[in-house]
Amino acid sequence: MDCKKQHTSGKRQKNNKGQNAPDEKLRTFIEDMALKDRMARIKHKIMVLSGKGGVGKSTVAVNIAIAMGLEGKQVGILDADFHGPSIPTLLHLHGKFLKAGKNGIDPIDFVEGVKVMSIGFFMAQEDRAVIWRGPMKIGVIKQLLAEVNWGDLDFLVIDFPPGTGDEPLSVAQLIPDSDGAVIVTTPQDLSLVDVRKSIDFCRQLKIPVLGVIENMSGLVCPHCGGVIDVFKRGGGEKMAAEMGVPFLGSIPVEPLIVEASDNGEPFVYHYGKTAAASAFSDAIKPILLLKNRKVSH
Ligand SMILES: Nc1ncnc2c1ncn2[C@@H]1O[C@H](COP(=O)(O)OP(=O)(O)OP(=O)(O)O)[C@@H](O)[C@H]1O
Ligand SMILES: [Mg+2]
Ligand SMILES: [Zn+2]
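The text that follows walks through the structure, step by step, so that each part is easy to find.

Procedures and definitions
- Residues numbered from 1 in each chain as written.
- Chains lettered and ligands numbered in written order.
- Predicted model: local features only at pLDDT ≥ 70, side-chain atom pairs only at ≥ 80, totals over all residues.
- Near = placed C-beta within 6 Å.
- Helix = DSSP H or I, 4+ residues; strand = E, 2+ residues; numbered from the N terminus.
- Buried ≥ 20, exposed ≤ 12 C-beta atoms within 10 Å, placed from the backbone.
- Pairing = 2+ DSSP bridges.
- Core = buried A, V, L, I, M, F, W, Y, C linked by C-beta atoms within 7 Å.
- Contact = placed C-beta atoms within 7 Å.

## Describing the site of ligand 1
So, step 1. In the region of ligand 1, 22 residues are neighbours, and G53, G56, K57, S58 and T59 sit closest.
So, step 2. Listing elements by their share of the shell around ligand 1, those giving two or more residues are α3 (57-70), β9 (209-220), β11 (247-253) and α9 (255-262).

Shown next as structure tokens:
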């Protein structure tokens with residue numbers, strides 16, 4: 001055994017000029033190439049953001065992805081939330097075994113051919129309490145993007161934790177040609193203030209804003225199916241107009257959404273005839289029309 005090699009491999013090497021050693025550079029180069037190859041096979045990458053927590057980002061991410069699948073598109077969902085990866089919970093995918101094929105880690109096949117990958121698949125319950133430093137998150141996200149075997153996709157929908165932290169920042173850097181962000185808000189004023197921050201974040205990073213979705217907008221009456229205004233409705237649309245970004249639509253508060261997620265059922269798939277499911281299908285219409293985006297590097 002070559003001890004010198006054994007002791008020095010796998011660590012970040014610096015030569016005496018403080019530059020990265022050749023093996024480190026080579027590793028980064030290979031990873032960058034793998035990332036580029038994988039991303040080149042995905043026509044559209046969509047980020048789902050919100051300024052505030054609990055507004056229904058993950059619910060929106062899953063349901064727009066499945067609505068796209070129902071339109072015959074090849075879709076992947078990537079859950080990039082380190083602190084509360086909720087996609088495995090929403091879709092009851094906990095405990096699924098990941099397979100490493102010869103082309104990388106295979107995502108999990110869900111309904112309508114939608115493929116799912118979550119940071120949560122790699123984390124033990126107790127890891128959730130770990131404080132992840134920014135560079136660690138970037139490394140993991142890069143590996144996920146480079147090593148997950150998505151194959152050819154029309155859309156990759158990426159779910160994030162709330163806010164404008166390391167996760168969306170890393171993805172914005174790693175996928176400079178992403179098609180843009182869908183920003184989720186609720187009708188309450190506080191959430192709208194936060195949404196402005198998300199829009200500013202996108203503008204600074206030159207991420208196109210595909211549009212705003214106002215979630216939990218009015219309540220579907222379980223008796224007659226009519227929509228009752230619980231909170232103020234329409235703030236999302238007004239704010240989108242003020243900020244000069246598209247408005248993709250309002251999703252009402254629908255008790256069946258909670259029931260569906262409790263049962264690990266994708267809502268739009270099982271309750272396609274509801275007003276909320278039609279609202280999801282309407283919201284994706286402009287996204288389905290996206291043209292390929294070319295960015296000069
Ligand atoms: N339109 C809706 N009607 C009823 N319940 C909803 C609706 N949208 C989301 N919910 C429920 O609200 C809760 C929060 O949703 P979700 O986890 O998608 O939010 P989030 O923004 O991703 O949260 P976090 O910031 O923690 O990531 C869930 O229980 C979900 O089922
Ligand atoms: Mg979430
Ligand atoms: Zn009623």
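## Some remarks on the pairing of strand β1 (residues 42-49)
So, step 1. A large share of β1 lies buried, amounting to seven of its eight residues.
So, step 2. Pairing analysis gives six bridges linking β1 to strand β7 (residues 153-159), with the strands arranged parallel. Across the sheet, I46 pairs through a bridge with V157, a residue of β7.
So, step 3. The sheet contact formed by β1 and strand β8 (residues 180-185) spans four bridges and is parallel.

## Considerations on the environment of D200
So, step 1. As for its placement among the helices and strands, D200 is situated in helix α7 (residues 189-204).
So, step 2. Remark: the alpha-carbon pair of D200 and T164, spanning 36 residues in sequence, is separated by 9.7 Å.

## Some details on the nonpolar core
Looking at soluble globular proteins, one finds that nonpolar side chains tend to be buried together.
So, step 1. Membership of the largest hydrophobic core comes to 73 residues, with the highest contact counts inside it found for V48, I64, A65, V157, I158 and F280.
So, step 2. With nine residues, the top contributor of residues to this core is α3.
So, step 3. Every residue in contact with I158, bar those within four places of it in the chain, is listed here: K45, I46, M47, V48, L78, A80 and V171.

Everything listed here is a matter of geometry and, on its own, says nothing about what the molecule does.
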